[in-house]
Amino acid sequence: MVKDMKTPLLLGALALVASPVLAQQKPIPADSVRTIVLQEVAVVTKRQDHQQHLQNFYNANQAATTEELMSRMPELSFIRRGSYGMEPTIRAYSGGQVSVTLDGMRIQGACTDKMDPATIYIEPLSLQRIEVQTAGASSMQGAAIGGSLDMKLAEADFADERKLSGSVTSGYQSAANAMMGGLRLSYAAPTWGLRASGTYRKSQNYRNGRGEKVLYSQYEKANYALSGKFLLQDDLVLKADFIADDGWNIGYPALPMDVGQANARIGSVSLVRENSDRRWSRVEARLYANRIAHYMDDSARPDLPIRMDMPGLSRTSGMYVEGTTSPGHHQQLTVRADASASYLTASMTMYQEGQTPMYMLTWPDNRQLQSGIAAQYSFQVGDKTQLQLNSRLNMSDFAVTTGEGRNQLSVFGYESTARQFLIPSLSLQASRMVYKKLKATLSGGFNGRTPTASELYGFYLFSQFDGFDYVGNPNLKPEKSVQSEFTLSWQEPRLRLQATAYASRVQDYMVGAYNPDLSAMTIGARGVKIYYNTPYALLAGAEASAVYNITGYTQLVSTLRYSFGSNTDGDPLPMMPPLRNITSLRKYFGDYLWVQGETELAAAQNRNSESFLEQPTEAFMLWHLRAGYQKETEKKVWQLNAGIENIFDVHYREHLDWGRIARPGRNVFVQLSVGF
Amino acid sequence: MKKYTWLTLWALSLITVFTTGCDKDDDTPTPTFAYQKIAEGKAAGTDFKIEVYSNEELTTGYNPIYIALFDASGKRIEQADVSFQPMMDMGMKKHASPIENPSSGQAVDGYFPGAVVFTMPSGEMGSWTLGVQVQANGQTGTFTTPVTIKEPTTSRLKSFVSKTDGAKYFVAYLQPKQPKVGVNDLEVAVYKASGMMDFPAVTNLTLALEPEMPTMDHGSPNNVNPTHTSGGHYKGKVNFTMTGLWHLHLTLSDASGEAGKLYFEVNF
Ligand SMILES: [Cu+2]
């Protein structure tokens, strides 16, 4: 068994854990903790499922970005516009349909082209774990129909004896001639602790499977995370976190523009009281604020008739209070109240020699106030059955805040731009041991989501995906979804199997509709689309995973997923990830060396959206080889990770990659780290 | 202690959310124009003093003109009939230009407002004079002053020869004076040359408007074609989706079909 492994030292691996909600209170059985590694990083898929299902998923390439780690999870896919800033989608839900938060904090991207999802602001070095919740269980995080993705920040520690620890990491990847360096320092004292980490990455244009350089795929960034923890009383902790993330010279090969500079400042203070003797065993209150500045331009692109600058700014401040209590035997109740205010503005200035600059607001200055109350109630009925109820009531208020912005939108006859939305959501889930180690979980519920600022107020936002300029519509109705999910899982010490099927019907599904009367603003655009509500769309799919400890030193992990979507007319929805399988076989040679072979398989996607002029994507199969070696000296732990990704230099692209840009070809990576 | 901690936190939270939450309202008020004196003098045959005002320098195109009248004692005259007689002397020939005489005999805020549409700039081709004829307190007289008409940086007067009746038409641009991104009031005035001295307002045309951004080759949505209001003035709406150079294309038609096409530049 893997029991022999020194768990915290398996730094090269990434674990993917599906922990049941109730498990937060009771310790997870030892055999399942074994593989929660990659320092503190674990990727958690929180199932509504109450049975524990633990998967370890290896990613020896520790120089990977957070996005690369997450893309291994069956529920997640990424819309890729460049090597950096990939947009996470959960089961083919994207954009405003999913809630992406950083440790419970809302962050609004400042880019009208979605170049800056919140996932870029956290580096694996400061990431504790990732929680993905699907369907109804996401209502604690926000009003979303497609689930939630929350990235937990690593925390400072307390220690009875004062202690300084840290690590230095450096890595290289050949496909993009990329290097990264990371540094972490932690100081732990009995009543306080500090943790500081910094990561620097520089990546050149990568080479695809044909050996061609993919222009404008470079990027460079630095990320700093600082967190402090202070023990105020026996059970009361004050925490302060700050993240600064600066990216520059970031290329987006699938888009007509790149990013000159992107800056994020994210800060929060929180109070946490944890005491199982109190009525509320855990209470957390947090205040946070963040500011994202994004400078997009096309100065790197050759021969353009017109030059463009498109800066954007987003500011959010908010708070939440969350408490957990046990109202009765075998019951757990978590309630949460949250509120936030976000301000967005983005503009575009176009320059042509000898002409007056052309200026417009692409996001007329607007703000979104949102507040919500949510509750999650779990009840263990007897030995075999568990029930869980998730609910949320979300209020939001959108408005364009300047006369200039309102004037601009009046061009489309939009007289009133202020909108209020009240979005309720409720889901119920029941799970039961049906046969021996087979557990069945059924859940159903409804939820909704508000339109985004782009969908309400966007002003000629060009989308390279279908080549249209998009105009917002302040009269949009919220999307409402009815969904259901069914999971079967089999769990025994050596083998865990899980299969999930889900389906949802999204009413008032928002989509851009071509308006032939409008002339496109962007040169070369096909026309103008205005967002409107279609009667409904259907989304369905399935995921399966297997973790098999063949012997104590050999493990097999395999995941499979498939998504299906169709609109009111029965036509395919765009950006549907095709059938995909990732299978890894890892073998340990003693306690210090492991080798892992991996295949990544994706079927062709020939169900394409006609209205988005979507193109089919071919099937592909990739082979990866990874290995890790570790050496301990008295005070240090040395680690070497290396491997080859896409060994056969396959020329391929994933279906969610924009612009038919091929992914990297063969990539050799090496990474060395020293911990003390 | 514990209670206060939470209370403080909530209070702080509320402050954060609501102090950052003030909406800005920056609708600029409509600017008011100053009166600029162009000339003053005695109207021949009367004891009146006439003062001629405009808002800006006189240029080719539509120029609002304001007349202030004072009697011998220097008292402002509030009741008078005022008419304009612009004249271009080109040596070989002379011609007038379209005018809009003050519509009422009653002064507005002490001024008699009207307009003159100068059809060309002063220069080597010839020079302009502006005659102002007044009739008040039983006296009638004319004050004539030379005026200098400049060509504006962007043309505010266009002309065409009608395909339907062969006459020359002048189209003057009045609005938007201060264009903004958004919906703008559009106003033009149309006159027909009936000989060299008579330029009546044209009231029976149909105008079709199409704004275009020539550098980017796109238009704008939801414009409203100008329709006739009074005195040859046509009002509609023009929408700008961004700042920069725009061409406002106008197609003018009468009962027998398309008479002509032209465009005005708007650059802001
Ligand atoms: Cu951008």
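A. Representation of the overall build of chain B. Along the backbone of chain B there are 1 helix and 17 strands. The buried share of chain B, taken over its 268 residues, is 48%. For chain B, the exposed area adds up to about 13100 Å²; of that, 52% sits on carbon and sulfur atoms.

B. Highlighting the domain arrangement of chain B. Residue and element names in this part refer to chain B. Under the domain assignment used here, chain B contains domain 1 (36–147) and domain 2 (157–267). Domain 1 and domain 2 are separated by 27 Å when their C-alpha centres are compared. Contact residues are listed per partner, giving 15 residues for domain 1 and 12 residues for domain 2. Summing the contributions of domain 1 and of domain 2, the shared interface buries around 1000 Å²; its carbon and sulfur component is 74%. Joining domain 1 to domain 2, the criterion identifies 0 salt bridges. Run the count over domain 1 and domain 2 and you get 3 residue pairs in polar contact (both at pLDDT 80 or more). Elements that contribute at least two residues to the side of domain 1 that touches domain 2 include exactly strand 3 (61–70), strand 5 (94–95) and strand 7 (112–118).

C. Just the sheet that holds strand 11 (residues 168–175) of chain B, in detail. Residue and element names in this part refer to chain B. With respect to topology, 5 strands assemble into an open sheet ordered 10-11-12-15-14, the strand pairing being antiparallel. Looking at strand neighbours, the two that pair on one side only are strand 10 (157–161) and strand 14 (224–228), the edges of this open sheet. On average, each strand axis in the sheet is tilted by 25° relative to the strand beside it, whichever way the strands run.

D. Up close: the coordination of the copper ion. All names here are of chain A. Within the protein, Cys111 (SG), Met115 (SD), His294 (NE2) and Met296 (SD) serve as the donor atoms for the copper ion, at 2.1 to 2.5 Å. The site at the copper ion holds 4 donor atoms, and with the angles between them running 86 to 131°, its shape is tetrahedral. Mapping the donors of the copper ion onto the primary sequence yields the spacing C-x3-M-x178-H-x1-M. Taken together, the residues cysteine 111 in the loop between strand 7 (105–106) and strand 8 (127–133) and histidine 294 in strand 16 (residues 280–297) connect sequence positions 183 residues apart.

E. Just the nonpolar core, in detail. Core analysis: the largest hydrophobic core is formed by 116 residues, its most contacted members being Leu102, Leu149, Met151, Met350 and Phe412 of chain A together with Met242 and Leu252 of chain B. Of the residues forming this core, the biggest block, 5 residues, is contributed by strand 27 (residues 527–551) of chain A. Residues in contact with leucine 149 of chain A, not counting those within four places in the same chain, are Met70, Leu76, Pro88, Ile90, Ser99, Val100, Thr101, Thr119, Ile130, Glu131 and Val132 of chain A. Counting residues in hydrophobic clusters, the runner-up holds 27 residues, among them Ala107, Phe112, Phe118 and Ile149 of chain B.

F. Expanded view of the confidence of the model for chain A. Averaged over every residue, the pLDDT of chain A is 86; the share at 70 or more is 90%. Predicted confidence is poor over residues 1–61 of chain A, with pLDDT under 50, and the contacts of this stretch with residues over four places away or in other chains come to 229 contacts.

G. Highlighting the packing of aromatic side chains. Using the criterion set out here, one finds 24 aromatic pairs over all chains in the structure. When the centroid spacing of 5.7 Å and the interplanar angle of 85° are considered together, the rings of phenylalanine 398 of chain A and phenylalanine 421 of chain A count as edge-to-face. Residue phenylalanine 398 of chain A is located in strand 20 (residues 385–400), and its partner phenylalanine 421 of chain A is located in strand 21 (residues 419–435); the two are separated by 23 residues in the primary sequence. This pair shows no difference in class: phenylalanine 398 of chain A is buried, exactly as phenylalanine 421 of chain A is. Between phenylalanine 160 of chain B and tyrosine 169 of chain B, the aromatic rings sit 5.2 Å apart at their centres with planes inclined by 10°, giving stacked as the arrangement. When sorted by exposure, phenylalanine 160 of chain B lands in the same class as tyrosine 169 of chain B, which is buried. An aromatic cluster is built from Phe412, Tyr414, Phe459 and Tyr460 of chain A, whose rings are joined through pairwise contacts. Lying across the ring of tyrosine 320 of chain A, arginine 336 of chain A places its NZ or CZ 4.1 Å from the centre.

H. Structural context of the pairing of strand 12 (residues 182–193) of chain B. Residues and elements named next belong to chain B. Alignment of strand 11 against strand 12, held across 7 bridges, turns out to be antiparallel. By the bridge assignment for strand 12, phenylalanine 170 is matched with tyrosine 191. Linking strand 11 back to strand 12 in an antiparallel pair, the connection comprises 6 residues.

I. Structural view of the sheet that holds strand 1 (residues 36–42) of chain B. Residues and elements named next belong to chain B. With antiparallel pairing, the 5 strands of this open sheet are ordered in space as 1-2-3-7-6. The strands lining the two open edges of the sheet, one partner per strand, are strand 1 and strand 6 (99–100). Bridge count between strand 1 and strand 2 (residues 49–54): 6 bridges; the pairing is antiparallel. Bridge pairing links lysine 37 to tyrosine 53 in strand 2.

J. Inspection of a nonpolar patch on the surface at higher detail. Residue and element names in this part refer to chain A. On the surface, Phe589, Tyr592, Leu593, Tyr629, Trp638, Leu640, Val668, Val670 and Leu672 cluster together to form a nonpolar patch covering roughly 760 Å² of accessible area. Among the elements that take part in the nonpolar patch, strand 33 (residues 667–675) stands out by supplying 3 residues, more than any other. With respect to the helices and strands, tyrosine 592 occurs in the loop between strand 29 (580–589) and strand 30 (593–602). With relative accessibility at 38%, the residue tyrosine 592 sits in the partly exposed group.

K. Quick peek at the pattern of salt bridges. Residues and elements named next belong to chain A. For the structure shown, the criterion picks out 40 salt bridges over all chains. Here aspartate 246 and arginine 265 are joined by a salt bridge, their closest N and O atoms 3.0 Å apart. Here arginine 265 lies in strand 15 (residues 258–274) and aspartate 246 lies in strand 14 (residues 236–250), a separation of 19 residues in the sequence. On the basis of relative accessible area, arginine 265 is assigned to the partly exposed category, the value being 34%. Arginine 392 is the salt-bridge partner of aspartate 338, the closest N and O atoms lying 2.8 Å from each other. Within this pair, whereas aspartate 338 is found in strand 18 (residues 331–351), its partner arginine 392 is found in strand 20, the two being separated by 54 residues in sequence.

L. Seen up close, the confidence of the model for chain B. Residues and elements named next belong to chain B. Summary statistics for chain B give a mean pLDDT of 86 and a share of 88% for residues scoring 70 or more. In the model of chain B, helix 1 (residues 2–19) stands out as the element of lowest mean pLDDT, 54, in contrast to strand 15 (residues 233–240), which has the highest, 96. Long-range and interchain partners of residues 24–31, a stretch whose pLDDT sits below 50, account for 14 contacts in this model, where long-range means more than four residues apart. Model confidence for the complex is summarised by a pTM of 0.86, with the ipTM given as 0.82.

M. Main features of the side chain of aspartate 469 of chain A. Residue and element names in this part refer to chain A. Within the secondary structure, aspartate 469 is located in strand 24 (residues 468–471). This buried residue, aspartate 469, is left without a salt bridge; arginine 526 holds the nearest opposite charge, at 11 Å. At 2.6 Å, the side chain of aspartate 469 and the backbone nitrogen of methionine 521 are in polar contact. In contact with aspartate 469, not counting residues within four places along its chain, are Tyr460, Leu461, Phe462, Ala520, Met521, Thr522, Ala525, Gly527, Val528 and Lys529.

Procedures and definitions
- Every chain is numbered on its own, with residues counted from 1 as its sequence reads.
- Chain letters start at A and ligand numbers start at 1, both assigned in the order the entries are written.
- Reporting of local features is limited, given that this is a predicted model, to residues whose pLDDT is at least 70; pairs of side-chain atoms are given and counted only at 80 or more, and all residues count toward the totals for whole chains, interfaces and linings.
- The basis for the side-chain values is all heavy atoms of the structure; hydrogens and waters are excluded.
- Starting at the N terminus, helices and strands are each numbered in turn, a helix being any DSSP run of H or I of at least four residues and a strand any DSSP run of E of at least two.
- Partly exposed describes any residue whose relative accessible area lies between the buried limit of under 20% and the exposed limit of over 50%, with all areas from a 1.4 Å probe on protein chains only and scaled to the type maximum.
- Working definition of accessibility: Shrake-Rupley area with a 1.4 Å probe, residue cover restricted to the visible protein chains.
- What fixes the domain bounds is an automatic or database domain assignment.
- Throughout, a contact is declared for two residues whenever any of their heavy atoms are within 4.5 Å.
- Defined here as a combined quantity, buried area equals the accessible surface (1.4 Å probe) lost by two parts on assembly, summed across both.
- Here a salt bridge means any side-chain nitrogen of Lys or Arg lying within 4 Å of a carboxyl oxygen belonging to Asp or Glu.
- Here a polar contact is recorded for every N or O atom pair within 3.5 Å, except that within protein the pair must consist of a potential hydrogen donor and a potential acceptor, and residues adjacent in sequence are included only if both atoms are side-chain atoms.
- Two strands form a pair only when DSSP identifies at least two bridges running between them.
- Simply put, an axis is a line fit to the C-alpha atoms, just over the touching stretch for a helix, and the angle between two N-to-C directions goes from 0 to 180 degrees.
- Donor atoms (N, O, S) are those found within 2.8 Å of the metal centre, with the cutoff raised to 3.2 Å for Na, K and Ca; water is not part of the atom list, so apparent gaps in a site can occur.
- In short, tetrahedral needs four donors with all angles between 85 and 135 degrees, square planar needs four and octahedral six donors with opposite donors over 155 degrees apart and all other angles between 65 and 115, and whatever is left is irregular.
- Nonpolar core, defined: a set of buried Ala, Val, Leu, Ile, Met, Phe, Trp, Tyr and Cys residues in which side-chain atoms within 4.5 Å join the residues together.
- The predictor reports its confidence for every residue as pLDDT, a score running from 0 up to 100.
- Each Phe, Tyr or Trp ring (for Trp, its six-membered ring) is paired with any other whose centre lies within 6.5 Å, and the angle between the two planes then decides the class: stacked below 30 degrees, edge-to-face above 60, tilted in between.
- Note on criteria: charge over ring means Lys NZ or Arg CZ within 6 Å of the ring centre, with the direction from the centre no more than 35 degrees off the ring normal.
- To count toward a patch, a residue needs a relative accessible area over 30% and no salt bridge; like charges are then connected within 9 Å, while nonpolar side chains (Val, Leu, Ile, Met, Phe, Trp, Tyr) are connected within 5 Å.
- Under the convention used here, Asp and Glu are negative, Lys and Arg are positive, and both His and the chain ends fall outside the count.

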